[in-house]
Amino acid sequence: MNTLNTSQTQQQKIKRLWWVLGLRSGLFLVELGAGLWSHSLSLLAGSGHLFSDLITLGVTLLATWFTQRRTASQTAISQNRRLEAGIALLNGVSLAIVAILLGREAIEHLQSPEPVLGLPLLGAAGLSLIINGLSVYLLHNDHHHDLNLRGVFLHGVADAASSIGVMVAALAVYFFNWVWVDAAIGLLVALLICLSTISLVTDSLRILRHHSV
């Protein structure tokens, strides 16, 4: 019975991950197109973060499928835990790299602000908030128990926070023509992404050390 329940749980996890992958793939195309159209750094930052999401989501799905097919022996469980921790560490490192690149670009744009179109920026940010909210909802119940899902969940939370920031930037640009706000929000999002990686990376390294002995 336990084996059956575990298999059903894994199937549900894979199904939810596929839903999240599909939602974010569509959102990536929207944010990239709208970011290029509006010349928005904060929106392009969101699309760059989403691109790293798609890579780590694909790897997470592969790892989940692989662990599902393995036997439940103690050795296999330990290997699965190492695999999950390795994928989570990849999630954390990719988030940190994205945050650094976005932060550097945001600082450059703060020094030399560029014109931004507020209306397409606002529309894309609203859609992004809805889709990221759905992604977070789909993963909320399981992210405490699965390190891989926790990494994907943190990506979603960071994306949702990014969407709120982009909406603020869009309103400031549209109503007040404060184009510098777009770069400032991009820098804030980079800082939030960086902070979200700390616990994920430390927990991943702890599990890898524990299961290497």
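Our subject is the structure listed above.
These numbers come from a predicted model, not from an experiment.

1. Describing the overall build of the protein
Argument step 1. Per the secondary structure count, the protein includes six helices and zero strands.
Argument step 2. In the protein, the succession of α and β elements from N to C terminus is α-α-α-α-α-α.
Argument step 3. Buried residues in the protein amount to 47% of all 213 residues.
Argument step 4. For the protein, the share of sequence-separated contacts (at least 6 apart) that also reach a separation of at least 24 residues comes to 84%.
Argument step 5. If you sum the accessible surface of the protein, you get close to 10900 Å²; carbon and sulfur atoms cover 69% of it.

2. Quick word on a nonpolar patch on the surface
Argument step 1. Judged by side-chain polarity, Leu110, Leu119, Leu171, Tyr174, Phe175, Phe176, Trp178 and Trp180 come together as a nonpolar surface patch covering roughly 880 Å² of accessible area.
Argument step 2. Looking at the nonpolar patch, the element that brings in the most residues is helix α5 (residues 147-176), giving four residues.
Argument step 3. Relative to the elements of secondary structure, Trp180 occurs in helix α6 (residues 180-210).
Argument step 4. Judged by relative accessible area, which is 45%, Trp180 ranks as partly exposed.

3. Focus: the side chain of Ser128
Argument step 1. Its location among the elements puts Ser128 in helix α4 (residues 118-140).
Argument step 2. A distance of 2.7 Å separates polar atoms of two side chains, one belonging to Ser128 and the other to Glu31.
Argument step 3. If we skip the residues at most four places from it in the chain, Ser128 touches Leu27, Glu31, Asp159 and Ser163.

4. Brief notes about the nonpolar core
Argument step 1. With 16 residues, the main nonpolar core has Leu17, Val20, Leu21, Leu57, Leu61, Leu139 and Val152 as its most contacted residues.
Argument step 2. Mapped by element, the contributors of at least two residues to this core are α1 (2-38), α2 (41-68), α4 and α5.
Argument step 3. No other element matches α1, which puts six residues into this core.
Argument step 4. Once residues within four sequence positions are removed from consideration, Val20 is found in contact with Leu57, Ser135, Leu138, Leu139 and Val152.
Argument step 5. Counting 13 residues, the second largest nonpolar core, distinct from the first, contains Val98, Ala99, Ala158 and Val189.

5. Re α4
Argument step 1. If you check α4, its first and last C-alpha atoms are 32 Å apart, about what 23 residues at 1.5 Å a residue would give, namely 33 Å.
Argument step 2. Of the positions making up α4, those classed as buried are Gly118, Pro120, Leu121, Ala124, Ala125, Ser128, Ile131, Asn132, Ser135, Val136 and Leu139.

6. A look at the environment of Val136
Argument step 1. Positionally, Val136 belongs in helix α4.
Argument step 2. We classify Val136 as buried; its relative accessible area is 18%.
Argument step 3. A sequence separation of 19 residues divides Val136 from His155, and the C-alpha atoms of the two residues are 8.9 Å apart.
Argument step 4. Excluding residues within four positions of it along the chain, Val136 makes contact with Phe153, Gly156 and Val157.

7. A short note on unusual backbone geometry
Argument step 1. Residue His39 is not a glycine yet carries a positive backbone phi of 60°.
Argument step 2. With respect to the helices and strands, His39 occurs in the loop between α1 and α2.
Argument step 3. With a relative accessible area of 48%, His39 lands in the partly exposed category.
Argument step 4. The backbone of Asn177 sits at a positive phi, close to 60°, despite the residue not being glycine.

So, how was this worked out
Residues numbered from 1 in each chain as written. Predicted model: local features only at pLDDT ≥ 70, side-chain atom pairs only at ≥ 80, totals over all residues. Heavy atoms only, no water. Helix = DSSP H or I, 4+ residues; strand = E, 2+ residues; numbered from the N terminus. Buried < 20%, exposed > 50% of the residue type's maximum accessible area, 1.4 Å probe, protein only. Contact = heavy atoms within 4.5 Å. Areas by Shrake-Rupley, 256 points an atom, 1.4 Å probe, with all protein chains shown as cover. Patch = residues over 30% accessible without salt bridge, like charges linked within 9 Å, V, L, I, M, F, W, Y side chains within 5 Å. Salt bridge = Lys/Arg side-chain N within 4 Å of Asp/Glu carboxyl O. Polar contact = N/O pair within 3.5 Å; in protein donor to acceptor, adjacent residues only side chain to side chain. Core = buried A, V, L, I, M, F, W, Y, C linked by side-chain atoms within 4.5 Å. Expected span 1.5 Å × (residues − 1).

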